2 protein chains.
Amino acid sequence: MTTPAVHPTRSGPVTRKDVARYAGVSTAVVSYVVNGGPKKVAPATEAKVQDAIRILGYRPNAAARALKLGSSETLGLVVPDISNPFFALFSHAVEDAAAALGYALVLGNSDGNLAKERRNIRNLAARQVDGVLLASVLFEPDLEVLETAEIPSVLLNQEQDAPGFNSIGVDLAAGARIAVEHLIGHGHTNIGLAMGTNVSGATDGREVGWREALQEAGLPEGPIVYSAFTRPGGYTAGQRLLASVNRPTAIFATSDMQAIGLLRAVHEAGLSVPGQMAVASFDGSAESEYSWPPLTTVEQPVAAMAEAAVAALVGASRGEKPRHRIFPTTLHIRQSCGCP
Amino acid sequence: MTTPAVHPTRSGPVTRKDVARYAGVSTAVVSYVVNGGPKKVAPATEAKVQDAIRILGYRPNAAARALKLGSSETLGLVVPDISNPFFALFSHAVEDAAAALGYALVLGNSDGNLAKERRNIRNLAARQVDGVLLASVLFEPDLEVLETAEIPSVLLNQEQDAPGFNSIGVDLAAGARIAVEHLIGHGHTNIGLAMGTNVSGATDGREVGWREALQEAGLPEGPIVYSAFTRPGGYTAGQRLLASVNRPTAIFATSDMQAIGLLRAVHEAGLSVPGQMAVASFDGSAESEYSWPPLTTVEQPVAAMAEAAVAALVGASRGEKPRHRIFPTTLHIRQSCGCP
DNA sequence: GTGAAAGCGCTAACAC
DNA sequence: GTGTTAGCGCTTTCAC
């Protein structure tokens, strides 16, 4: 319980000037106290100012500060869809990392729509955000908007290096490989792939990893089905995979959401998981732990990536060079693969 | 493909002054063009200005505008946890509604922590957001922070009216009632409740609705288990409900996430759903559609609520009175209840 | 240790 | 239809 703030009788918000007058000091001193610098203030004066601030209920005006300083202490995050659990998790981690550094986070959804993505970026730039984190709807993002926006940025979910840009991603191929190798370890010889589709035509690292693991084990390629990185996408992928002429006994899905959809298709077909169909997936979202059966999944180090992304942005305003960072994944073993 | 912007040779960002000089007009005219008012501009002049803007790559400085206007055209959203699918969905809807009105959305997670919730609100207030949407960690939110912040606000997930505040909620009791009535319609006479817990002690409307439906049907109350509104919470609730002396044949869970956790507990116990245990839940999140079996759930009109919340905030700055709005829910019938 | 004042980029009232 | 200008609240240099 703190003493309730007594509001000033005069109208309008309390400014630094009011505080100065009340405390009997200049506005500069109020600034020194509020910001802890750049000048020292006598303890007695400081106390007076603090009192005035509390009594008047003064809150600094961030817009004025942003105007003066040229920095809004705000970061922008543009994702295809915040209600995708992976991006929701990521957003949370980004918000944590940003808040720890005193930055607020402005959120924008692009809904898988390039025009909307661009609009979001431009909007953020106009709002003087100090940096933007972009999970593009494109596999190879449209760097021009970012360039003309002249704003520090980090490309998220980015496996390939984009020179001149900060980027962050996971080692998709390595992650897929450990998952598929694990499935192979369970004795499967026909392992299908439920591959999510990108807007671009480039081959996703997860497809590469799946293929590599199979090759190294001297196994033939199982059936591949391409569909969206979503629950419905996984559902139809599952249906098609189950209908394929050489039906696999195990499937690697490139996202947890696809795996969830796939699980539904498998259950509907009356097959048991992992008995008649083993499944492994990618992302490590919370949802994967409570599916039936719980999913064996390749976990992305979301918190670490978010921290690195925010750090890169904050570093960029200090003149640090853009760089490309790839994070390792870890296999989270649960029951869908056949482990007890 | 648009003509690439030619950047000015001089350093620093382009201001309205640069545009004015380049176009050979005054800064006022640039403002009139950019804002489409308040004065009319001759078509020829307007064209010149537009050209200058494009050529110089001018972007208005939102901080300056916010300072001048006293409005940042930004809304704040504080939720317990954006990675909770329900809040993720809600956030998306809020962002859509805000963007449609030209507002950006600043996101804050309170992580179920009251101190953090308060810090978020104060932070948003300092940033001159035009309003905050608060999904409090408390059942009866701490209105003092909001009051002293002197900022328009809407309380989300708020069943009860908080005089002087905008609030929005769903009719929890009615929603629970239709779900439980549906379960009763399937012939169940022993229906348990997996009730999520609030920080406050007030009785949740969903508990009321469950009880009412049972009473009206002349049925005895089934077992109740209280636990968190989460997947793990639902999981332990499920385990306890299954272990109860008079094990129910159907359970109503107060959130989809609880139901997902509950489903896992039921599956682990080797019971079939809905055969040996029927389930219905609350929220209508995307996850509920792809559980096994798909959940019969009470859907909240998230988009409508988000729009209303944003409208209330924008209305508040125009002097509209705060009001309390309750939205109806709809039962989404899938298979977990026993329907084919 | 403290204060006066310039100026960040923008809007809009007012003058022409 | 266009231009001039005061001032939004803040930071910080420079003088005291």
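What counts and what doesn't
- Residues numbered from 1 in each chain as written.
- Chains lettered and ligands numbered in written order.
- Predicted model: local features only at pLDDT ≥ 70, side-chain atom pairs only at ≥ 80, totals over all residues.
- Heavy atoms only, no water.
- UniProt positions renumbered as here; feature names shortened; annotations may be inferred.
- Helix = DSSP H or I, 4+ residues; strand = E, 2+ residues; numbered from the N terminus.
- Least-squares fit on C-alpha atoms with pLDDT ≥ 70 in both.
- Contact = heavy atoms within 4.5 Å.
- Near = heavy atom within 4 Å.
- Polar contact = N/O pair within 3.5 Å; in protein donor to acceptor, adjacent residues only side chain to side chain.
- Nonpolar A, V, L, I, M, F, W, Y, C, P; charged D, E, K, R; others polar.
- Axes fitted to C-alpha atoms, helices over the stretch in contact; angles between N-to-C directions.
- Parallel < 35°, antiparallel > 145°, perpendicular 65-115°, else oblique.
- Left-handed = near helix turned anticlockwise from the far one by under 90°.
- Pairing = 2+ DSSP bridges.
- Salt bridge = Lys/Arg side-chain N within 4 Å of Asp/Glu carboxyl O.
- Buried < 20%, exposed > 50% of the residue type's maximum accessible area, 1.4 Å probe, protein only.
- Expected span 1.5 Å × (residues − 1).
- Right-handed = clockwise from strand over helix to strand, strands pointing away.

1. Side note on the UniProt feature "domain: HTH lacI-type" (unreviewed entry) in chain A
Turning to step 1, where the next piece is worked out: In this structure's numbering, the residues bearing the UniProt feature "domain: HTH lacI-type" (unreviewed entry) are residues 14-69 of chain A.
Turning to step 2, where the next piece is worked out: Helix makes up 70% of residues 14-69 of chain A and strand makes up 0%, while its end C-alpha atoms are separated by 21 Å.

2. As for the relation of the copies chain A and chain B
Turning to step 1, where the next piece is worked out: Superposition record for chain A on chain B: RMSD 0.1 Å, screw rotation 180°, translation along axis 0.0 Å. Taken together, the rotation angle and the small translation identify this as a two-fold axis. Among all residues of chain A, the one whose C-alpha sits closest to the rotation axis is Val 106 of chain A, at a distance of 2.2 Å.
Turning to step 2, where the next piece is worked out: With an isologous cut-off of 70% or more, the 100% of interface residues of chain A that recur at the interface of chain B puts this contact in the isologous class.

3. Looking at the protein's contact with DNA strand D
Turning to step 1, where the next piece is worked out: In the neighbourhood of DNA strand D, 27 residues make up the surrounding shell, with Arg 16, Lys 39 and Tyr 58 of chain A together with Ser 26 and Thr 45 of chain B lying closest.
Turning to step 2, where the next piece is worked out: When the atoms of DNA strand D within 4 Å of the protein are grouped by moiety, sugar and phosphate amount to 52% of the total.
Turning to step 3, where the next piece is worked out: With respect to DNA strand D, the side chain of Arg 65 of chain A contributes an N or O atom lying 2.6 Å from a phosphate oxygen.
Turning to step 4, where the next piece is worked out: At a separation of 2.7 Å, a phosphate oxygen of DNA strand D approaches a polar backbone atom of Ala 42 of chain B.
Turning to step 5, where the next piece is worked out: Breaking the surface near DNA strand D down by element, the ones donating at least two residues are helix H2 (27-35) and helix H4 (62-69) of chain A together with helix H2 (27-35) and helix H4 (62-69) of chain B.
Turning to step 6, where the next piece is worked out: Class assignment for the residues of the surface near DNA strand D results in 13 nonpolar, seven polar and seven charged.

4. Digging into the packing of helix H10 (residues 231-243) of chain A against helix H11 (residues 256-268) of chain A
Each packed pair of helices is defined by two parameters, the angle between the axes and the distance between the axes.
Residues and elements named next belong to chain A.
Turning to step 1, where the next piece is worked out: H11 packs onto H10 with a crossing angle of 45° between their chain directions and a minimal axis gap of 6 Å. Our classification of the angle between H10 and H11 gives oblique. Of the two possible hands of crossing, H10 and H11 adopt the one that is right-handed. The residues of H11 that touch H10, namely those facing Arg 231, Gly 234, Tyr 235, Gly 238, Gln 239 and Leu 242, are Met 257, Gln 258, Ile 260, Gly 261, Leu 262, Arg 264, Ala 265, Val 266 and Glu 268.
Turning to step 2, where the next piece is worked out: Of the residues contributing to the contact of H10 with H11, the split by class is seven nonpolar, five polar and three charged.

5. Section: the sheet that holds strand S2 (residues 104-109) of chain B
Strand pairing within a sheet occurs via backbone hydrogen bonds; the two strands may be parallel or antiparallel.
Turning to step 1, where the next piece is worked out: Pairing in this open sheet of twelve strands is mixed, and the strands run S11(A)-S5(A)-S4(A)-S3(A)-S1(A)-S2(A)-S2(B)-S1(B)-S3(B)-S4(B)-S5(B)-S11(B) from one edge to the other. Strands at the two margins of the open sheet, each flanked by one partner only, are strand S11 (324-327) of chain A together with strand S11 (324-327) of chain B. Direction aside, the axes of adjacent strands within the sheet are offset by 20° on average.
Turning to step 2, where the next piece is worked out: By the bridge criterion, six bridges tie strand S1 (residues 74-79) of chain B to S2 of chain B in an arrangement that is parallel. Considered in S2 of chain B, the bridge of Leu 75 of chain B is made with Leu 105 of chain B.
Turning to step 3, where the next piece is worked out: The strands that helix H6 (residues 114-126) of chain B touches are strand S2 (104-109) of chain A together with S1, S2 and strand S3 (131-134) of chain B; relative to S1 of chain B, the one it contacts most, it runs at about 180°.

6. Thoughts on the interface of chain A and chain B
Turning to step 1, where the next piece is worked out: In this complex, chain A contributes 54 residues to the contact, which on the side of chain B involves 54 residues.
Turning to step 2, where the next piece is worked out: The tally of links between chain A and chain B comes to two salt bridges.
Turning to step 3, where the next piece is worked out: Between Asp 96 of chain B and Lys 116 of chain A there is a salt bridge whose closest N-O contact spans 3.8 Å.
Turning to step 4, where the next piece is worked out: Looking at the side of chain A that touches chain B, the elements that each hand over two or more residues are H4, helix H5 (85-100), S2, helix H6 (114-126), helix H7 (143-149), H10 and H11 of chain A.

7. What about the pattern of salt bridges?
Turning to step 1, where the next piece is worked out: By the definition in use, this model includes 20 salt bridges over all chains.
Turning to step 2, where the next piece is worked out: Between Arg 211 of chain B and Glu 207 of chain B there is a salt bridge; the shortest N-O distance is 3.1 Å. Of this pair, Arg 211 of chain B and Glu 207 of chain B are both found in helix H9 (residues 205-216), four residues apart, which corresponds to roughly one turn of the helix.
Turning to step 3, where the next piece is worked out: The buried category is assigned to Glu 207 of chain B, whose relative accessible area is 8%.
Turning to step 4, where the next piece is worked out: The structure contains a network of salt bridges with shared partners spanning Asp 96 of chain A together with Asp 111 and Lys 116 of chain B.

8. Re H6 of chain A
All names here are of chain A.
Turning to step 1, where the next piece is worked out: Given a rise of 1.5 Å per residue, 13 residues ought to cover 18 Å, and the 18 Å separating the end C-alpha atoms of H6 matches this to within 8%.
Turning to step 2, where the next piece is worked out: Listed in full, the buried residues belonging to H6 are Glu 117, Asn 120, Ile 121, Leu 124, Ala 125 and Ala 126.
Turning to step 3, where the next piece is worked out: Two or three places before Ala 115, at the opening of H6, Asn 113 has a side-chain oxygen 2.9 Å from that residue's backbone nitrogen.

9. Comments concerning the pairing of S1 of chain B
Residues and elements named next belong to chain B.
Turning to step 1, where the next piece is worked out: For S1, the tally of buried residues reaches six of six residues, placing the bulk of the element in the interior.
Turning to step 2, where the next piece is worked out: Here S1 shows two buried faces, one formed by Thr 74, Gly 76 and Val 78 and the other by Leu 75, Leu 77 and Val 79.
Turning to step 3, where the next piece is worked out: The parallel pair S1 and S2, bridged by helix H5 (residues 85-100), forms a crossover whose chirality is right-handed.

10. Structural notes on the protein's contact with DNA strand C
Turning to step 1, where the next piece is worked out: Neighbouring residues of DNA strand C: 27 residues in total, closest Ser 26 and Thr 45 of chain A together with Arg 16, Lys 39 and Tyr 58 of chain B.
Turning to step 2, where the next piece is worked out: In the interface set of DNA strand C, defined as its atoms within 4 Å of the protein, sugar plus phosphate atoms amount to 55%.
Turning to step 3, where the next piece is worked out: Of all the secondary structure elements, the ones that give two or more residues to the surface near DNA strand C are H2 and H4 of chain A together with H2 and H4 of chain B.
Turning to step 4, where the next piece is worked out: Grouping the constituent residues of the surface near DNA strand C by class yields 13 nonpolar, seven polar and seven charged.

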